Amino acid sequence: MKFSEYVQYDGLGLAQLVKTKQVQASELLDIALQRTQQVNPKLNAVIIPMYEQAKQRASQQRSGTFAGVPFLVKDLFQEYQGIPTSYGSHALKNRNYIPDFNAEIVNRWENTGIVTFGRTNTPEFGIKGITEPDAWGACHNPWNLKHNSGGSSGGSASAVAAGLVPIAGAGDGGGSIRIPASYCGLFGLKPSRGRTPWGPQFSEAMHGAAMQHVLSKTVRDSAAMLDAEQGPEQTSLFRIEAPAQKYSDIIQQAPKKLRIAFNTQSPIGTKVSQDAIQAVQQTAKLLESLGHMVVEDQPQIDGLALAKDFVTTWFSQFSYMQAQIKQQYGATDQDFELDSIALAAFGAKTTATEYIHTLDNWGLYSTQMNIFFEQYDLYLTPSTASVAPKNGEVATPTWQKPILKGLLKLGKAHYLAQGKLVEKMVQDNLSWVPFTQLANLTGLPAMSVPLYWNKQGLPLGSQFIAPFGREDRLLQLAAQLEQAQPWMPQYQHIRL
């Protein structure tokens, strides 16, 4: 098999070739490694190789839905026993952190027979919507190497779009599956709260706002992997009802006529590009042509208040995480990026009362979405406010850095997060990606579907949010859209 053939298959397609003995798993791995060696110096998607382990596994008899398919895991929370893990940070990279366990999500992937050959690039502790960690450097977008692949699952997205693998591990705490899916032209589903596991370290992450799944080229790969991942474990705090039938079977059935609300306005009052507006408008027309009813409407939620609550929770959570890493591994402030130190400083000043008030607000947003979904089946927005930014475009301004350093030295960095400055900080941080946090705080399933490429050849996804537990509805619609407007041929346009 040549790469030109390999790249035309999704994961299930490659697994079928292995099953019918038309190709060997070791042959697929060789192609994946050759492609990685060829283009990864340009992409910087795979940062921690596992080549020898992969070769050994590929030589063994594999079984499962994705038996023999090359795979990559994200270098954040997806621990692989005996493999160096950094979470995108010098704090762990410099101390050669090597976990002595597999994350449960990794176990479930391994049970499908995949052959994992590396860990992918991610921003430091996944705190940004771009992948440009100081510890590893920027991850480039295969559609245009001057642009970023998004975050925090940027390395996985870049690798899948560039054809290293057909599917890769990802995670989403504020849009980290859907953002890189949008920027890299992939299918990306964030499951409902509790759908996929977080053990053995955690019962859930960020009160269920963060979920793990994959990025893929096809809907059926995502559905099949969700079949393998879904379900509680011993550590699970929240136990969601299992689907009535396999997602792989569900997508074989056309969705009913759906009533879909759409909106293209930023919930935080920031600019939305013409590309993002056109992406949703074109998607709306496609939906209508498929018999669905599309109405312009939006839930009665204060988007800026929701964004503040998201930032408050996330900064507080990160502050705790940073303190734990300092305690367990002896890391110091010098091991963290300036932005990370500042965010932790903001979070450390959040009082218990403020934090509980924020969590109470999550319930209000969930209530409003429940009311909204009494009228509509799905909610459609752009996945991102624009196509992927250029590398270095989303960064702390140079003039701000000495101010931040000075305030941090004085222990006053949290002053930047007071009063009207909070709104500015939220808008500055989330202006590129204002649409995704809603599904995280409410625990709702959401997906980014690649239906739009602009004149410069850069993709931008359409986001759909569904009622709680209705991944089946999302996947059914995604399969219908994929059939109506196939996006697999688009990957042939990538030249690296």
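Refer to the preceding data block for the structure.
Residues numbered from 1 in each chain as written. Predicted model: local features only at pLDDT ≥ 70, side-chain atom pairs only at ≥ 80, totals over all residues. Heavy atoms only, no water.

A.B. asks: Give a detailed account of the state of the cysteines, specifying residues and quantitative values.
C.D. replies: Enumeration according to the criterion identifies zero disulfides in this entry. Distance from the sulfur of cysteine 139, which forms no disulfide, to the nearest cysteine sulfur (cysteine 184) is 7.2 Å. Given a relative accessible area of 0%, cysteine 139 falls into the buried group. (Disulfide = S-S within 2.5 Å. Buried < 20%, exposed > 50% of the residue type's maximum accessible area, 1.4 Å probe, protein only.)

A.B. asks: Explain the environment of glycine 188 to me, and be specific about the residues and the numbers.
C.D. replies: Mapped onto the elements, glycine 188 comes out in strand E7 (residues 187-190). Given a relative accessible area of 0%, glycine 188 falls into the buried group. Each C-alpha atom, one on glycine 188 and one on glutamine 463, is 9.4 Å from the other, the two residues being 275 residues apart in sequence. When residues no more than four places from it in sequence are discounted, the contact partners of glycine 188 are Ile177, Arg178, Ala181, Leu215, Ala446, Met447 and Ser448. (Helix = DSSP H or I, 4+ residues; strand = E, 2+ residues; numbered from the N terminus. Contact = heavy atoms within 4.5 Å.)

A.B. asks: I'd like a description of the side chain of glutamine 480, backed by residues and values.
C.D. replies: Within the secondary structure layout, glutamine 480 lies in helix H18 (residues 471-484). When its relative accessible area of 16% is taken as the criterion, glutamine 480 is described as buried.

A.B. asks: Could you give an account of helix H11 (residues 274-289), naming the residues involved and the relevant values?
C.D. replies: Spanning 16 residues, H11 covers 22 Å between terminal C-alpha atoms, matching the ideal 22 Å at 1.5 Å per step. Within the sequence span of H11, burial applies to Asp275, Ala276, Ile277, Ala279, Val280, Thr283, Ala284, Leu286 and Leu287. For H11, the secondary structure elements touched by its buried residues are strand E9 (259-262), strand E10 (293-296), strand E11 (378-382), strand E13 (462-465) and H18. Just beyond H11, the residue with positive phi is glycine 291, at close to 95°. (Expected span 1.5 Å × (residues − 1).)

A.B. asks: Just give me the short version of the pattern of salt bridges, but keep the residues and values in it.
C.D. replies: Once the charged atoms of two side chains with opposite charge are near each other, the side chains can pair. Within the structure shown, the criterion is met by 16 salt bridges. For glutamate 104, the salt bridge is made with arginine 108, and the minimal N-O distance between the two is 2.9 Å. Pair noted here: glutamate 104 and arginine 108 are both in helix H6 (residues 104-110), with a separation of four residues, about one helical turn. Close ionic contact of arginine 178 with aspartate 172 constitutes a salt bridge, the shortest N to O distance being 2.9 Å. Among the residues examined, arginine 178 registers a relative accessible area of 0% and is labelled buried. Within this structure, Arg57, Arg62 and Glu110 form a network of salt bridges that share partners. (Salt bridge = Lys/Arg side-chain N within 4 Å of Asp/Glu carboxyl O.)

A.B. asks: Describe in detail the pairing of E11, supporting the description with residues and values.
C.D. replies: A large share of E11 lies buried, amounting to five of its five residues. The sheet contact formed by E9 and E11 spans three bridges and is parallel. Bridging across to E11, alanine 261 finds its partner in tyrosine 379. Direction of pairing for E11 relative to E13: antiparallel, over a ladder of four bridges. Note on E13: the bridge partner recorded for proline 382 is serine 462. (Pairing = 2+ DSSP bridges.)

A.B. asks: Tell me what's going on with the side chain of serine 152, and back it up with residues and numbers.
C.D. replies: Inspection of the secondary structure assignment puts serine 152 in the loop between strand E5 (144-148) and helix H7 (154-161). A polar contact is formed between the side chain of serine 152 and the side chain of serine 176, at a distance of 3.0 Å. Contacts of serine 152, omitting those with residues within four sequence positions, involve Lys74, Leu76, Asn121, Thr122, Pro123, Gly126, Lys128, Thr131, Gly171 and Ser176. (Polar contact = N/O pair within 3.5 Å; in protein donor to acceptor, adjacent residues only side chain to side chain.)

A.B. asks: Account for the packing of aromatic side chains, naming residues and giving values.
C.D. replies: As enumerated under the stated definition, the model contains 19 aromatic pairs in all. Pairing tryptophan 198 with phenylalanine 202 gives two aromatic rings, centres 6.2 Å apart and planes at 70°, and the pair type is edge-to-face. With 6.0 Å between their ring centres and 35° between their planes, phenylalanine 315 and phenylalanine 346 make a pair best called tilted. A residue pair is termed long-range when its members are at least 10 positions apart, and phenylalanine 315 in helix H12 (residues 303-329) and phenylalanine 346 in helix H13 (residues 338-348) qualify at 31 residues. (Phe/Tyr/Trp six-rings, centres within 6.5 Å; stacked < 30°, edge-to-face > 60°.)

A.B. asks: Report on the environment of alanine 446, specifying residues and quantitative values.
C.D. replies: Here alanine 446 is to be found in strand E12 (residues 446-449). When sequence neighbours within four positions are dropped, the list of residues in contact with alanine 446 reads Arg178, Gly188, Leu189, Lys190, Ala439, Gln463, Phe464, Ile465 and Leu474.

A.B. asks: Please give an account of helix H3 (residues 25-43) that cites residues and values.
C.D. replies: Roughly 40° is the biggest bend found in H3, and it falls at glutamine 37, with proline proline 41 one to four residues downstream. For H3, the full list of buried residues reads Ala25, Leu28, Leu29, Ile31, Ala32, Leu33, Arg35, Thr36, Val39, Asn40 and Leu43. Positive backbone phi, at 60°, marks asparagine 44, one or two positions downstream of H3. (Bend = angle between axes of the 7 residues up to and from the residue.)

A.B. asks: Let's hear about the packing of H12 against helix H14 (residues 352-372): which residues, and what values?
C.D. replies: Relative to each other, H12 and H14 sit at 135°, their axes nearing to 10 Å. With respect to H14, the axis of H12 lies oblique. With respect to the hand of their crossing, H12 and H14 are arranged in left-handed fashion. Listed contacts from H14 to Ala305, Leu306, Asp309, Thr312, Thr313, Ser316 and Gln317 of H12 are Tyr355, Thr358, Asn361, Trp362 and Tyr365. (Axes fitted to C-alpha atoms, helices over the stretch in contact; angles between N-to-C directions. Parallel < 35°, antiparallel > 145°, perpendicular 65-115°, else oblique. Left-handed = near helix turned anticlockwise from the far one by under 90°.)

A.B. asks: Pulling in residues and values, what's your account of the nonpolar core?
C.D. replies: Ranked by internal contacts, the top residues of the largest apolar core, which has 100 residues, are Trp109, Leu186, Phe187, Met447, Phe464, Leu475 and Leu477. Top element by residues in this core is H3. It accounts for eight residues. The contact partners of leucine 186, leaving out residues within four places of it in the chain, are Ala157, Val160, Ala161, Ala181, Leu215, Ser216, Lys217, Ser448, Pro450 and Tyr491. Ala331, Ala342, Leu343 and Ile465 belong to the second-largest nonpolar core, a separate cluster that totals 53 residues. (Core = buried A, V, L, I, M, F, W, Y, C linked by side-chain atoms within 4.5 Å.)

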